[in-house]
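# Close look at the chain arrangement
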Amino acid sequence: MTGGRGQTSLPNGLRTLVPLKLKASVSGLPRLVWVLGAISFLTSLGKMVATFLAVYLLAVLNFSENQIGITVAAYGAGIVTGTLIGGWASARLSAVAQMAASMVCLGAGFILLSAVASPLFFLAGIFACANFEGALRTPIMLLFLKHCAPIDRPRAHAVYYTAIGLGYAVGSVIGGLVSRIDFSLMFWASGGVYLAAAAAVLVWLPAHLAGGVAGMPGNAPATPEDANAPPKGRWPFIVLCGAAVLHHCVGNQRHAIYPLYLTSHYGLDTTQLGAIFAVNGLLIALMGLVTTNLLKHVDQRKVAGWGTLLLCLSLALLPVSTHIAVAFLLCVVMSVGDVLFAPSMVSLAYFLVLEKNKGKLLGVYFATVSACRSLGPLIGIWGFALIGATPTWLLCGVIGVVNMLVLRSVLRVRWP
């Protein structure tokens, strides 16, 4: 189509497709969702230490592979215990107080950890920091649940996931650049971000919580779920948690053997590693909301199945090349898997449990996922040591196929 002055323009349909899809994806969500999304962005931005933890332990502290595996596992274990403590504290403290206190302690902890070189003291310090990080997730997710209508919860989680992905991308770039100057500065940067996030919680959240959400005065809980009743019994939920364990044990290799393999096999430096992680985070941020909105009427078991297959295959194919372009291409495949899997699994978890049990059982689900932060890297490190790199990555692909079949065939529920 030719416009004025001989310029060529796109057809109106193509010109307006993306803006319309974006508008449909975000319209109608409460303002509190966006405030929580901004806070989630800051918390994810501060996770640059976790992204480069394995590299830091090897390159700066000269830890052995076993020491790296134990330290990364301790970090994951701290996330699990912190999630459980956060759930217990949520019934006794206000969300604002719990989030602000956790962020202040986490920021101070990372700053102090920059001066620790002893393996034992570093292990204790990273475990403590992980506890404070884990304690943040429960109050944030409870606020999403209590102040968002049930029909908007998958999109609200997509806002959360998009914010996490964007913060992860920006933090990866900053962490990669800062680590080339001085690795200890990365701990200071993370600590400063968490202290800034605590200030944001104290300034932003109280006013929005006092105002309530449209159609829900004050802190009143959201309306009950729709008439589609979840299946009776706990087996579907147990199967769902099992599938989540398999997926996240593979996915959490990006915090352990994945960056180590990219440095040893592909020859990437920390700046290039930061770029890889940034691509992962940016793609999640760009695709999350639109993809969730487009697939909201599709059986979420199928969406989650394709997500776990793509992520696992992106790791299984790592040994096929040593070219950096292949590493970036597989990172794109991994990102698509991330976008498909996480929101669909949360939607399934919402559906599979009764309203009266949502808080308790969703806490179990998130604690199960958090446990994989510890279990996954430990299994990956041991896999590399026992059977070698290539068989370990191929096993990830097998897990993806099995998990897809479990979600699509074994998990027999009637999706509304």
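Below: a short report on this structure.

### Digging into the overall build of the protein chain
Secondary structure assignment for the protein chain yields 16 helices and 0 strands. The buried share among the 416 residues of the protein chain stands at 54%. Within the protein chain, contacts between residues at least 6 apart in sequence are counted, and of these 88% link residues at least 24 apart. Summing over all exposed atoms, the protein chain offers an accessible surface of approximately 17900 Å²; the carbon and sulfur share of this is 71%.

### Details of the pattern of salt bridges
Within this structure, the stated rule accounts for 4 salt bridges. With its nearest N and O atoms 3.8 Å apart, the salt bridge here joins Glu133 to Lys47. Linking Glu133 in helix α7 (residues 119-146) with Lys47 in the loop between α2 (31-45) and α3 (48-51), this pair joins segments that are 86 residues apart in sequence. The buried category is assigned to Glu133, whose relative accessible area is 7%. Residue class for Lys47 comes out partly exposed when judged on its relative accessible area of 26%. Asp299 serves as the salt-bridge partner of Arg301, at 2.4 Å between the closest nitrogen and oxygen. Just as Arg301 is buried, Asp299 falls in that class too.

### Let's talk about the packing of helix α10 (residues 235-251) against helix α13 (residues 300-316)
The N-to-C vectors of α10 and α13 enclose an angle of 30°; their axes lie 10 Å apart at closest approach. By the angle class used here, α10 and α13 are roughly parallel. Seen from above, α10 lies across α13 with left-handed handedness. Within the contact between the two elements, α10 uses His247, Val250 and Gly251 and α13 uses Gly307, Thr308, Leu311, Cys312 and Leu315. Broken down by class, the residue content of the contact of α10 with α13 amounts to 4 nonpolar, 4 polar and no charged.

### A short note on the packing of helix α11 (residues 257-264) against helix α12 (residues 270-294)
Orientation of α11 relative to α12, taken along the N-to-C sense of each, is 130°, at an axis distance of 10 Å. Comparing their axes, α12 and α11 come out oblique. Crossing hand, α11 versus α12: right-handed. Across the interface between the two elements, Tyr258, Pro259, Leu262 and Thr263 from α11 touch Leu273, Ile276 and Phe277 from α12. Per-class residue counts for the contact of α11 with α12 are 6 nonpolar, 1 polar and no charged.

### Digging into the packing of aromatic side chains
The final tally for this structure, using the stated rule, is 14 aromatic pairs. Between the aromatic rings of Phe122 and Phe187, the centroid separation amounts to 6.4 Å while the plane-to-plane angle is 85°, which identifies the pairing as edge-to-face. Note that Phe122 is positioned in helix α7 and Phe187 in helix α9 (residues 183-211), a separation of 65 residues in sequence. On the accessibility criterion, Phe122 (0% relative accessible area) is buried. Among the residues examined, Phe187 registers a relative accessible area of 0% and is labelled buried. Between the aromatic rings of Phe384 and Trp393, the centroid separation amounts to 5.6 Å while the plane-to-plane angle is 85°, which identifies the pairing as edge-to-face. The exposure class assigned to Phe384 is partly exposed, which follows from its relative accessible area of 23%.

### Some thoughts on the nonpolar core
One finds Met99, Leu205, Tyr258 and Met345 to be the most contacted residues of the largest nonpolar core, which totals 96 residues. Here Met345 is in contact with Leu240, Ala243, Ala244, Ala304, Tyr365 and Leu407, once residues within four sequence places are set aside.

### A look at the environment of Gln98
The residue Gln98 is located in helix α6 (residues 95-113) in this model. Judged by its relative accessible area of 4%, Gln98 falls in the buried class. In this structure, the C-alpha to C-alpha distance between Gln98 and Thr138, residues 40 residues apart in sequence, is 9.8 Å. A distance of 3.2 Å separates the side chain of Gln98 from the backbone oxygen of Ala135, its partner in a polar contact.

### Examining the side chain of Ser344
Inspection of the secondary structure assignment puts Ser344 in helix α14 (residues 324-352). At 2.7 Å, the side chain of Ser344 forms a polar contact with the backbone oxygen of Leu340. Once you skip the residues sitting within four places of it in the chain, Ser344 turns out to touch Gln300, Val303 and Ala304.

### Examining unusual backbone geometry
Although it is not a glycine, Asn62 sits at a positive phi angle of roughly 55°. As for its placement among the helices and strands, Asn62 is situated in the loop between α4 (53-59) and α5 (65-90). Its relative accessible area of 60% is what places Asn62 among the exposed residues.

### So, the side chain of Thr368
As for its position among the elements, Thr368 is in helix α15 (residues 358-386). Using a relative accessible area of 18% as the deciding quantity, one classes Thr368 as buried. Contacts of Thr368, omitting those with residues within four sequence positions, involve Cys241 and Val245.

### Re a nonpolar patch on the surface
Residues Leu166, Val170, Ile174, Leu282 and Leu286 make up a contiguous nonpolar surface patch of roughly 400 Å² in combined accessible area. Going through the elements one at a time, α8 (153-181) and α12 are the ones with two or more residues in the nonpolar patch. If you tally residues by element for the nonpolar patch, the top one is α8, at 3 residues.

### Things to note about α2
Along its 15 residues, α2 runs 21 Å from first to last C-alpha, staying within 8% of the 21 Å computed at 1.5 Å per residue. In terms of residue burial, α2 counts as a mostly covered element, since 11 of its 15 residues are buried.

Parameters at a glance
- Residues numbered from 1 in each chain as written.
- Predicted model: local features only at pLDDT ≥ 70, side-chain atom pairs only at ≥ 80, totals over all residues.
- Heavy atoms only, no water.
- Helix = DSSP H or I, 4+ residues; strand = E, 2+ residues; numbered from the N terminus.
- Buried < 20%, exposed > 50% of the residue type's maximum accessible area, 1.4 Å probe, protein only.
- Contact = heavy atoms within 4.5 Å.
- Areas by Shrake-Rupley, 256 points an atom, 1.4 Å probe, with all protein chains shown as cover.
- Salt bridge = Lys/Arg side-chain N within 4 Å of Asp/Glu carboxyl O.
- Axes fitted to C-alpha atoms, helices over the stretch in contact; angles between N-to-C directions.
- Parallel < 35°, antiparallel > 145°, perpendicular 65-115°, else oblique.
- Left-handed = near helix turned anticlockwise from the far one by under 90°.
- Nonpolar A, V, L, I, M, F, W, Y, C, P; charged D, E, K, R; others polar.
- Phe/Tyr/Trp six-rings, centres within 6.5 Å; stacked < 30°, edge-to-face > 60°.
- Core = buried A, V, L, I, M, F, W, Y, C linked by side-chain atoms within 4.5 Å.
- Polar contact = N/O pair within 3.5 Å; in protein donor to acceptor, adjacent residues only side chain to side chain.
- Patch = residues over 30% accessible without salt bridge, like charges linked within 9 Å, V, L, I, M, F, W, Y side chains within 5 Å.
- Expected span 1.5 Å × (residues − 1).

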